[in-house]
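# Fold and contact review
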Amino acid sequence: MGTALNPSYFIVLSAALFAIGLYGALSRKNAIAVLISIEIMLTAVNINLVAINKFLTPEAFIGQIFAIFVITVAAAEVGLGLAIIIAMFRSRHTVDLDDFDWMKW
Amino acid sequence: MVDFALTHAWLVPLLPALAFVIIVFLTRPYARLSSTVAIAAIFSSFVLAANIAYGVFTNPGFIEKPLVYSLRWFGMEGFTVDVGVMLDPTSAMMLFMVSMVATLIQIYSTGYMHGDPQYSVFFSYLSLFAASMLGLVISSNLLQMFILWELVGLCSFLLIGFYTFKVSAREAAKKAFITTRIGDFGMMLGLLFLQIVFGTLDLVGLAERVPNYEQFGISLGLLTLIAILLFIGPIGKSGQFPLHVWLPDAMEGPTPVSALIHAATMVVAGVYLVGRTLFLFAEVPGAAEVVAFIGAFTAIFAATIAITQREIKRILAYSTVSQLGYMMLALGVGSLSASMFHLWTHAFFKALMFLGAGSVLHALHDKADVWEMGGLIKKMPITGWTFVIGGLAIAGIPPFAGFWSKDEILLVTLEYAKHGHALGYLLFFFAAVTAFLTAFYMWRLIFLTFFGKEKPENHPHESPLSMTFPLVVLAVLAAVGGLVGTPWANVWGEWIHFGDVHHGDPNYALMILSVVLAVAGIGLAYRLYYQDEEKQLAKQLAERYQSLYKLSYNKYYVDELYAWFTRTVVDAGAKALYWFDIYVVDNIVNGLAGVTKLSGQGMRFLHTGKMQTYALVFFLALLVITVVLAYGNPTLAGSLGGVN
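Cut-offs applied
Residues numbered from 1 in each chain as written. Chains lettered and ligands numbered in written order. Predicted model: local features only at pLDDT ≥ 70, side-chain atom pairs only at ≥ 80, totals over all residues. Heavy atoms only, no water. UniProt positions renumbered as here; feature names shortened; annotations may be inferred. Helix = DSSP H or I, 4+ residues; strand = E, 2+ residues; numbered from the N terminus. Rg over C-alpha atoms; globule rule 2.2 N^0.38 Å. Buried < 20%, exposed > 50% of the residue type's maximum accessible area, 1.4 Å probe, protein only. pLDDT = per-residue confidence, 0-100. Salt bridge = Lys/Arg side-chain N within 4 Å of Asp/Glu carboxyl O. Domains from an automatic or database assignment. Contact = heavy atoms within 4.5 Å. Buried area = accessible area lost by both parts, 1.4 Å probe. Nonpolar A, V, L, I, M, F, W, Y, C, P; charged D, E, K, R; others polar. Core = buried A, V, L, I, M, F, W, Y, C linked by side-chain atoms within 4.5 Å. Pairing = 2+ DSSP bridges.

An unreviewed UniProt entry lists chain B under the name NADH-quinone oxidoreductase subunit L, from Desulforamulus ferrireducens. According to the UniProt record, the Sequence similarities (unreviewed entry) comment for chain B is "Belongs to the CPA3 antiporters (TC 2.A.63) subunit A family."

As recorded in an unreviewed UniProt entry, chain A goes by NADH-quinone oxidoreductase subunit K and comes from Desulforamulus ferrireducens. Annotation of chain A in UniProt includes, under Sequence similarities (unreviewed entry), the sentence "Belongs to the complex I subunit 4L family."

Below, the structure written as structure tokens:
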């Protein structure tokens, strides 16, 4: 591995992606955009998993395997999430999260 | 037979208990059968008890080494409870006396209660009463004694309130129960202390441990407190001042019950308990003085009330209170034998007189005022003459039973005084004055009831054999029952004593004094209530000393004092507590509920229903938890790369 990349680069990148995703997930009004933001957060996690695995235990693949699990779960979750959003859109004709407040007391 | 009786002493209380069960569940509809079962059971107990008494008294070893056998009832770490039987001369004497008097009273009851719709119930209660008392007498430990002690109280409650249709009977039953419960509470505290300090309630175990109380880390002061707490029980049960108020009211029960309560069961239980725990009182002179003083005071106090009462059974009731005071006095000055001797003789003459009074009431259809009687001895010779024997016995005329036992108490009190207890002379003075008063009020009763002019409106008739037979037997016992304890041959003192055998030389001066007092009392009663046909002198005396007369006739207003105390102090305290409960306790509870409700209502608005708010809260909470864990836990902080 030619010039060793400093592990902190990955962590900083992942932290930045996570923060962006979190901000999006908490602030966007559009439900689809929230889903995309969650995907960004999951990606940040995956980068962490793979990078830290590479630096701590290069002989094992635990991190990579976990990353694949996360991708699988994320795919399933997005499929389900989209289905819910579409169902809600059909009944309410909106995907604006501010209108989804019927869990209130 | 004697060996069988000694090893099967537990049968003595069990047989009447069995009779109770049989009557309640099987023979209740059949009156005659019920009384037959009850009498058969108590008579079998009496036969057993007689054999036990024979076995115990012919074997002098029982005093130092009582026969004890017991079963483990339950046990846990550091606390075990046995049920057992303890046979020594004191308990053997009591078994014999109680079962004999109970048998006679039950025979008498067949006549007295004849035709009563509750006849069977009455006999079942009498059986249970006798069973409880006999069980109490042979108890080997104080807890067992306490249980049966409460059972005796229950039976007295049931029997005093036997005529449930009478308001006064119900009130009297409640009064008896509540008053004695006050005493029992003190006793219970005493028992708890004994168990905690000495780790046992076995009489034998306690008798060994109490003299070495210093090894158990308690002071004489605490031991005195324990003894006095324990003594509060007998104060209630044995009608000692100031808890005597229930006893005269207990007359509301049928007369055989009064006889049983006053002679053989309820009230003697208190004296017996103090007798059983005398090893404790012997250790603490302070507590013994309390016992002696309360006893002596009760004796004279009740006697001064008895001299003016009008109801025949009330006079006898105050007489019992007074005589029980004598017994306590004897225990207080440390003489078990004198006290138990008086208990023994008193049982005979007091049972005799109560049953005699019952016979009179039976004949006069429950007219109880002695001033409305007179000349009954002509129509009721057996009742009358047996009553006279009882009167001679209680007044202390030799050779009747009461003379010997009362003399013994006067003697031990005097010796107590001579051995450096200045208080003893006061006690002796009280006891001597009481002896005079006893003779006076008892013979006042006899002269008014049985002698003098007949009242034409009364049509008395002698009672049936079932009632006169017990009277005759008891009269014989009241006449000769004291001969076992004469100063010249004090067999009694050999049998029943505490510590070394004590033999006072015959004190002739004292004997003469007590006879003089008794004769003077009878003479005064003769002068006032017999010789003076119209009773003018007695009425004049009552007029002249009206305030004193009223004080005595109204029992020193103790009942009124209690009523006043209850109405003002207790009720005011209850009101204050009620206020505290309503306004303080309730407000605290309601306030807490209000705070919860309000905060809940406020918190409601935190629920926006928006997913993103919840997610933000979720994230912030995670952040807080992470920071707290990271800084709070050094190893975790290290693993997370945090600083510490």
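The discussion continues.
### Considering the overall build of chain A
The number of helices and strands found in chain A is three helices and zero strands. Its C-alpha atoms give chain A a radius of gyration of 17 Å, clearly above 13 Å, the size a compact globule of 105 residues would have. Across its three principal directions, the C-alpha atoms of chain A cover 55 × 25 × 25 Å. The buried share among the 105 residues of chain A stands at 24%.

### Thoughts on the confidence of the model for chain B
Here chain B averages 86 in pLDDT, and 98% of its residues register 70 or above. Overall fold confidence (pTM) sits at 0.77, and the ipTM for the predicted complex is 0.82.

### Some points on the pattern of salt bridges
Where charged atoms of side chains with opposite charge meet at close range, the side chains can pair. All names here are of chain B. Applying the stated criterion across every chain yields a total of 12 salt bridges over all chains. Note that Asp88 and Arg276 form a salt bridge whose closest N and O atoms lie 2.4 Å from each other. Pair noted here: Asp88 is in the loop between strand S2 (79–87) and helix H4 (89–112) and Arg276 is in helix H12 (residues 266–276), with a separation of 188 residues, a long-range link. Of the residues examined, Asp88 reaches a relative accessible area of 10% and is grouped as buried. Here Glu252 ties to Lys166 by a salt bridge, and the two come within 3.4 Å at their closest N and O atoms. In this pair, Glu252 is assigned in the loop between helix H10 (246–249) and helix H11 (255–263) and Lys166 in the loop between helix H6 (142–160) and helix H7 (167–198), connecting sequence segments 86 residues apart. For Lys166, a relative accessible area of 30% puts it in the partly exposed group.

### Topic: the domain arrangement of chain B
Assigned domains within chain B: domain 1 (1–140), domain 2 (159–283), domain 3 (284–548), domain 4 (554–601) and domain 5 (608–644). The straight-line distance from the C-alpha centre of domain 2 of chain B to that of domain 4 of chain B is 31 Å.

### Focus: the interface of chain A and chain B
Every contact between the two is made by 14 residues of chain A and, on the other side, 12 residues of chain B. Taking both partners together, chain A and chain B bury about 1000 Å²; carbon and sulfur atoms supply 67% of that area. On the surface where chain A and chain B come into contact, there are zero salt bridges. It is helix H1 (residues 7–27) of chain A that provides the largest number of residues to the side of chain A that touches chain B, a total of five residues. Tallied by class, the residues present in the side of chain A that touches chain B amount to nine nonpolar, one polar and four charged.

### Considerations on the nonpolar core
Core analysis: the biggest nonpolar cluster contains 206 residues, and B:Ile52, B:Met94, B:Met97 and B:Trp443 have the highest contact counts within it. Contact partners of B:Ile52, with chain neighbours within four places excluded, come to B:Ala5, B:Leu6, B:Ala9, B:Val12, B:Leu87, B:Ala92 and B:Leu95. Listed in part, the nine residues of the second largest apolar core include A:Ala25, A:Ala31, A:Leu35 and A:Leu97.

### Digging into the UniProt feature "transmembrane region" (unreviewed entry) in chain A
When the UniProt feature table is mapped onto this chain numbering, "transmembrane region" (unreviewed entry) sits at residues 6–25, 32–52 and 64–89 of chain A. As annotated, residues 64–89 of chain A has a helix share of 100% and a strand share of 0%, and its two end C-alpha atoms lie 37 Å apart.

### Some thoughts on the pairing of S2(B)
Sheet topology places strand S1 (residues 67–76) of chain B next to S2(B); nine bridges connect them, and they run antiparallel. When the bridges of S2(B) are listed, B:Val68 appears paired with B:Met86.

### What about the UniProt feature "domain: NADH:quinone oxidoreductase/Mrp antiporter transmembrane" (unreviewed entry) in chain B?
UniProt feature "domain: NADH:quinone oxidoreductase/Mrp antiporter transmembrane" (unreviewed entry): in the numbering of this structure it lies at residues 139–417 of chain B. Annotation note: span residues 139–417 of chain B, helix share 76%, strand share 0%, distance between end C-alpha atoms 34 Å.

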